[in-house]
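Fold and geometry: a report
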There are 2 protein chains.
Amino acid sequence: MEYNAKQLQIIEVAERLFSQKGFAGTSVRDIAQEADVNVSMISYYFGSKEKLIEALFQLRMTESSSRLETLVMASELSALQKFNVFIDSVIDRLMGNQCFHNIMLREQLSSERTPVITEYIRGLKLRNVELIRRMIREGQEAGDFKKDINVSLVTTTLYGTVNYALASQDFYKIINDLGHLSEEEFQTHLRGELSQHLKNLFKSTITNEHHIQN
Amino acid sequence: MEYNAKQLQIIEVAERLFSQKGFAGTSVRDIAQEADVNVSMISYYFGSKEKLIEALFQLRMTESSSRLETLVMASELSALQKFNVFIDSVIDRLMGNQCFHNIMLREQLSSERTPVITEYIRGLKLRNVELIRRMIREGQEAGDFKKDINVSLVTTTLYGTVNYALASQDFYKIINDLGHLSEEEFQTHLRGELSQHLKNLFKSTITNEHHIQN
DNA sequence: AACTAAATCAAACGATCGTTTGATTTTTAC
DNA sequence: GTAAAAATCAAACGATCGTTTGATTTAGTT
């Protein structure tokens, strides 16, 4: 499915409002007003509010990242280097699509989920955890990584840390006295800190004692 | 403020429904029906739906954990031991109040927040990060912990990991073939895995090279 | 220019929302 | 036992919800 400019405008406004106020907390009139279209256009183009968020998910999910998978795995980087590249890509992907990942996180918190969206999320998470599993196994076979690594929990810490950092970024800015930075400067700062923190965290956890070149 | 049995019943049902369907996604009629009271009782007792969730926050926030602070800090445990005790207490607190922490996490994702609730959350997070800061500083002064530790990000990883693990527990159960466990067995299993994972994660990250007794 | 299809609109639809009303029942206090 | 207070209820309130209608305008095709 491809969308015209007006449809994309509706989707993008909906994405921002769903992120800010939640799906149930956002009315189609809110969306229509901010997207500068008539209320009926939403049903006209998408069928329903429910179908609209499904269209959003379909759009955002399909445009993401099968490149990464082959790009990372096919390279001649060491296992740890691949893992570090992956960490940065996760940070970039989540920070570059904060609204959408906010919606996705909220969706995971709900127990009354749309089957379509639930399936999208499950598929994405399955791909992510499998990619990490392959990277870790590669590192283990090279003798660089420890043998007993809980892949699920490593994944959980990676995504959990980035997600929670983004959810708490206002608080983070305050207690670290970063109010003087512009929004862009702050995002860059946070990105760098997260990257360093996570790389350090996992390096000392999943690699063996004997030093390996970074 | 203290509540009678009926009021507590309403609060507890509201807590579960807000957790499952979100604040905006839950109607006062939903709550009234499941709590087996008349719709008007919610306004009668709490004033409004908004005041109801504020009452929930006030109730859950005041019943939590200033004991921990003095208990952990005043003991003769080593810095790492204190940190490990704190890790377990965080896991227990979040897993023991999943509904409420689900609501709290959702609230942090929203940009249109109730000032009262925002302030509750800010205060709680401030206390938590300060407690962790004191523990880390103590470990540093004893020479056990590294000098350059980003307290905010350590806190973020701790809470982010536990929160995300709970948000993804259905997925975790599936990909780890834990479907044969009862719900209680699974919770116990997850608690243990999380505890081991986080202790291991932080031990290798924040302690110095030379071994210190656990 | 004439016809067709797509887009846009104001208005209205019925349903549900949070809240209030006013009567009635139950509990409490003396 | 009786009066006051608290609790409970069905019903209704106005507002807003997502969606549909039907007329009108715009764009595309010949």
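Residues numbered from 1 in each chain as written. Chains lettered and ligands numbered in written order. Predicted model: local features only at pLDDT ≥ 70, side-chain atom pairs only at ≥ 80, totals over all residues. Heavy atoms only, no water.

A short note on helix H6 (residues 79-96) of chain A
In a regular helix each residue adds 1.5 Å, so 18 residues correspond to 26 Å; H6(A) covers 25 Å between its end C-alpha atoms and thus fits that length. Burial analysis of H6(A) places 13 of its 18 residues in the buried class, which makes it a mostly covered element. (Helix = DSSP H or I, 4+ residues; strand = E, 2+ residues; numbered from the N terminus. Expected span 1.5 Å × (residues − 1). Buried < 20%, exposed > 50% of the residue type's maximum accessible area, 1.4 Å probe, protein only.)

A look at the packing of aromatic side chains
Taken as a whole and judged by the stated rule, the model has 14 aromatic pairs over all chains. Ring plane angle 70° and centroid distance 6.5 Å describe the contact between B:Tyr45 and B:Phe46, whose orientation is recorded as edge-to-face. Through a chain of ring-to-ring contacts, the aromatic side chains of A:Tyr3, A:Tyr44, A:Tyr45 and A:Phe46 assemble into a single cluster. Positioned above the aromatic ring of A:Phe23 is the side chain of A:Lys49, whose terminal nitrogen or guanidinium carbon lies 4.4 Å from the ring centre. Directly above the aromatic system of A:Phe186 lies the positively charged group of A:Lys173, at a separation of 4.8 Å from the ring centroid. (Phe/Tyr/Trp six-rings, centres within 6.5 Å; stacked < 30°, edge-to-face > 60°. Lys NZ or Arg CZ within 6 Å of the ring centre and 35° of its normal.)

Notes on the protein's contact with DNA strand D
Lining the immediate surroundings of DNA strand D are 17 residues, of which A:Val28, A:Arg29, A:Ser48, A:Lys49 and B:Met41 lie closest. The sugar-phosphate share of atoms of DNA strand D within 4 Å of the protein amounts to 48%. For DNA strand D, a base nitrogen lies 2.7 Å from a polar atom in the side chain of A:Arg29. If you list the elements that add at least two residues to the surface near DNA strand D, you get helix H2 (28-35) and helix H3 (40-46) of chain A together with helix H3 (40-46) of chain B. When residues in the surface near DNA strand D are grouped by element, the largest group, 4 residues, is from H3(B). (Near = heavy atom within 4 Å. Polar contact = N/O pair within 3.5 Å; in protein donor to acceptor, adjacent residues only side chain to side chain.)

Remarks on the environment of A:Ile53
Residue and element names in this part refer to chain A. Tracing the chain through its elements places Ile53 in helix H4 (residues 49-62). Taking the C-alpha atoms as reference, Ile53 lies 8.0 Å from Glu15; in sequence the two are 38 residues apart. When sequence neighbours within four positions are dropped, the list of residues in contact with Ile53 reads Phe18, Phe23, Ile103, Glu107 and Ile117. (Contact = heavy atoms within 4.5 Å.)

A look at the relation of the copies chain B and chain A
Mapping chain B onto chain A calls for a rotation angle of 180° and an axial translation of 0.0 Å; the resulting RMSD is 0.0 Å. When the rotation and shift are considered jointly, the pair of chain copies conforms to a two-fold rotation axis. No C-alpha of chain B approaches the rotation axis more nearly than that of B:Gly160, which lies at 2.2 Å. When the interface residues of chain B are mapped onto chain A, 100% of them again lie at the interface, so the same face is used by both copies. (Least-squares fit on C-alpha atoms with pLDDT ≥ 70 in both.)

Quick notes on the interface of chain B and chain A
Opposite the 46 residues of chain B that make contact, chain A presents 46 residues. When the two sides are added together, the surface that chain B and chain A hide from each other amounts to roughly 4300 Å², 59% of it contributed by carbon and sulfur. Between chain B and chain A we count 2 salt bridges in total. The salt bridge partner of A:Arg113 is B:Asp170, with a shortest N-O separation of 3.4 Å. Sorting the residues of the side of chain B that touches chain A by element identifies helix H1 (5-21), helix H7 (98-109), helix H8 (115-141), helix H9 (151-167), helix H10 (169-175) and helix H11 (183-206) of chain B as the ones contributing at least two each. It is H9(B) that contributes the most residues to the side of chain B that touches chain A, 12 residues altogether. Of the residues contributing to the side of chain B that touches chain A, the split by class is 18 nonpolar, 20 polar and 8 charged. (Buried area = accessible area lost by both parts, 1.4 Å probe. Salt bridge = Lys/Arg side-chain N within 4 Å of Asp/Glu carboxyl O. Nonpolar A, V, L, I, M, F, W, Y, C, P; charged D, E, K, R; others polar.)

Regarding the protein's contact with DNA strand C
The local shell around DNA strand C holds 17 residues, among which A:Met41, B:Val28, B:Arg29, B:Ser48 and B:Lys49 are the closest. Take A:Tyr44: an N or O atom from its side chain is 3.3 Å from a phosphate oxygen of DNA strand C. Measuring from a phosphate oxygen of DNA strand C, one finds a backbone N or O atom of B:Val28 at 2.8 Å. Mapped onto the surface near DNA strand C, the elements with two or more residues apiece are H3 of chain A together with helix H2 (28-35) and H3 of chain B. Broken down by element, the residue count for the surface near DNA strand C peaks at 4 residues, all from H3(A).

Re the environment of B:Glu107
Residue and element names in this part refer to chain B. Of note, Glu107 is situated in helix H7. The buried category is assigned to Glu107, whose relative accessible area is 12%. Glu107 has contacts with Ile53, Arg113, Thr114, Ile117 and Ile121, leaving out every residue within four places of it along the chain.

Focus on the confidence of the model for chain A
Chain-level pLDDT for chain A is 91 on average; 95% of the residues reach the 70-or-more range. Ignoring residues within four places in sequence, the model shows residues 210-214 of chain A, a span with pLDDT below 50, making 7 contacts including any to other chains. (pLDDT = per-residue confidence, 0-100.)

As for helix H8 (residues 115-141) of chain A
When the terminal C-alpha atoms of H8(A) are compared, their 38 Å separation across 27 residues agrees well with the 39 Å that a helix rising 1.5 Å per residue should span. Residues A:Ile117, A:Ile121, A:Leu124, A:Lys125, A:Asn128, A:Val129, A:Leu131, A:Ile132, A:Met135, A:Ile136, A:Gly139 and A:Gln140 constitute the buried set of H8(A).

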